[in-house]
Amino acid sequence: MDPEPERNTFRSLIRKGNMSSATAAAGNTFIALIKWAAAVMTGNGAMFASTMHSVADAVNQMFVFAGSVLAEKKPTKRFPAGFGRVINLFCMVAVIVVTIMAYETIKEGIHLIQHPIHSSGFWLNIIVLAVSILIDGFVLVKAMKEVVRESRSDAKGLAVVSAAFRNVKRAAPPTRLVFYEDLVATIGGLLALLAVIVTSLSSFAVLDGVVTVAIGCLMVLIAFRVGYDNMAGLIGVAAPLEVEERVAGIILAESFVTDIYQLRVLQEGRYYHVEGLIELQRGLTLADADDIKFKVRDQLLQDPDITDVTLGILEDNGVRNWVPAESS
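Residues numbered from 1 in each chain as written. Predicted model: local features only at pLDDT ≥ 70, side-chain atom pairs only at ≥ 80, totals over all residues. Heavy atoms only, no water.

**Q** Run through empty space enclosed by the protein, naming residues and quoting values.
**A** For the coordinates displayed, the defined rule picks out one cavity of 30 Å³ or more. Its volume calculated, the largest cavity comes out at about 50 Å³. Every residue along the wall of the largest cavity is listed here: Glu150, Ser151, Arg152, Arg170, Val243, Arg246, Tyr272 and Asp305. (1 Å grid on protein atoms, 1.4 Å probe; cavity = no way out; pocket = protein on both sides within 12 Å on 5 of 7 lines; lining within 4 Å. Points joined across faces, edges and corners; volume = space filled by probe spheres on them.)

Following this line, the structure appears as structure tokens:
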């Protein structure tokens, strides 16, 4: 039974949405609420900065989850290329939110540097920040596992950490955003915890403002990183070399295919579109050549990350055109 008609039902779209961003949105909403309460009660600047970061993360990840759901819609007559790039647009909105929150955070940090204050509620701040670090850390680990899964890396245990950093560019845009944001959120939580401890046990109150500015600057870096990645995605970006090699391997596995004359693999959201010209053995009839082309196309479409394949066929020209990336 063809599963395609089910693809645009609300339930199936929600199920295919990016679960990392949904989990992160729920976690950061809870974190933002308890941090806001602690910031209001204690007047701690680092806590305020951490609150702004969590608010930005929660809003962003809600946007990103909604975008990841819409990006799963199948192509229509009006939009024959599908909706894969919608997620990049939603991520760009998230970047704007992060930038605004970063500005407010840096502004508050500068104010605290110029006019340092001694906050209260030491244990309240410690408990709230410890809870937020644990939640952010949990979401970060989940995002790392998602990066490993989406990049098809073979990593388990502690190796997941290094594999996630190594392959994050190969993950889907929402997963990358969750990874970057919760990495900074965890680091920001640790910095805020340090500021609370130092300012409570010493007279170095200015550290509160310094850490607040540092967290704001980290948010700016994330906005730049995510913005750059998604701007490239909106324009249209080539798939990673590993994906291109995987596609080429599937094509060349067909015994009648002698070479790949031209190949382009375009990434849209978390999916790939394949366009290529393949060379077949000489002497084949047109009907046989068409059968081979459709066979290769069907084999490529079995890959869950490939949604569209357009192939042309040529007779073998006797010249080797396809050279693997590691040999070039």
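The rest of the description comes next.
**Q** Explain the sheet that holds strand 4 (residues 306-315) to me, using residue names and the numbers behind them.
**A** Hydrogen bonds between backbone atoms are what pair the strands of a sheet, whose relative direction is either parallel or antiparallel. Pairing within the open sheet is mixed, and its four strands lie in the order 1-2-3-4. Sheet topology places strand 1 (237-238) and strand 4 at the edges, where each strand pairs with a single neighbour. Note that strand 2 (residues 257-268) and strand 3 (residues 271-280) share 10 bridges and pair antiparallel. When the sheet's bridge partners are listed, Leu266 is paired in strand 3 with His273. Across the face of the sheet, helix 10 (residues 286-301) comes into contact with strand 2, strand 3 and strand 4 while running at roughly 155° to strand 4. (Pairing = 2+ DSSP bridges. Helix = DSSP H or I, 4+ residues; strand = E, 2+ residues; numbered from the N terminus. Contact = heavy atoms within 4.5 Å. Axes fitted to C-alpha atoms, helices over the stretch in contact; angles between N-to-C directions.)

**Q** Kindly report on the nonpolar core, identifying the contributing residues and their values.
**A** If you look at the biggest cluster of nonpolar residues, it comprises 49 residues, and the most contacted ones within it are Phe179 and Met219. Those elements that place two or more of their residues in this core are helix 2 (19-42), helix 3 (45-70), helix 4 (86-114), helix 5 (122-150), helix 6 (159-167), helix 7 (173-201) and helix 8 (206-235). At 10 residues, helix 5 tops the list of elements feeding residues into this core. Grouped together as the second largest cluster of nonpolar side chains are 21 residues, Tyr272, Val274, Leu280 and Ile292 included. (Core = buried A, V, L, I, M, F, W, Y, C linked by side-chain atoms within 4.5 Å. Buried < 20%, exposed > 50% of the residue type's maximum accessible area, 1.4 Å probe, protein only.)

**Q** Tell me about the pairing of strand 4, residues and numbers included.
**A** In terms of strand pairing, strand 3 meets strand 4 through nine bridges, oriented parallel. Across the sheet, Gly276 pairs through a bridge with Leu311, a residue of strand 4. The parallel pair strand 3 and strand 4 is bridged by helix 10, and the resulting crossover is right-handed. (Right-handed = clockwise from strand over helix to strand, strands pointing away.)

**Q** I'd love a proper account of a nonpolar patch on the surface, names of residues and values included.
**A** A cluster of nonpolar residues, Phe30, Trp123, Ile127 and Val131, forms a patch on the protein surface that exposes about 430 Å² of accessible area. Element by element, the count of residues in the nonpolar patch is highest for helix 5, at three residues. (Patch = residues over 30% accessible without salt bridge, like charges linked within 9 Å, V, L, I, M, F, W, Y side chains within 5 Å. Areas by Shrake-Rupley, 256 points an atom, 1.4 Å probe, with all protein chains shown as cover. Salt bridge = Lys/Arg side-chain N within 4 Å of Asp/Glu carboxyl O.)

**Q** Tell me about the packing of helix 5 against helix 7, and please be specific about residues and values.
**A** Here helix 5 crosses helix 7 at 155°, and the two axes come no closer than 8 Å. Comparing the axis directions of helix 5 and helix 7 gives the class roughly antiparallel. For the pair helix 5 and helix 7, the sense of crossing is left-handed. For the contact of helix 5 with helix 7, the class distribution of residues is 18 nonpolar, six polar and four charged. (Parallel < 35°, antiparallel > 145°, perpendicular 65-115°, else oblique. Left-handed = near helix turned anticlockwise from the far one by under 90°. Nonpolar A, V, L, I, M, F, W, Y, C, P; charged D, E, K, R; others polar.)

**Q** Can you lay out helix 9 (residues 241-252) for me, pointing to particular residues and giving the numbers?
**A** Because the α-helix completes a turn every 3.6 residues, residues three or four places apart line up on one side. When the terminal C-alpha atoms of helix 9 are compared, their 16 Å separation across 12 residues agrees well with the 16 Å that a helix rising 1.5 Å per residue should span. Buried residues of helix 9: Val243, Glu244, Val247, Ala248 and Ile251, and no others. Summarising the axial view, the buried residues of helix 9 lie within an arc of 135°, below the 170-degree limit, and thus occupy one face. (Expected span 1.5 Å × (residues − 1). Arc of directions from axis to C-beta.)

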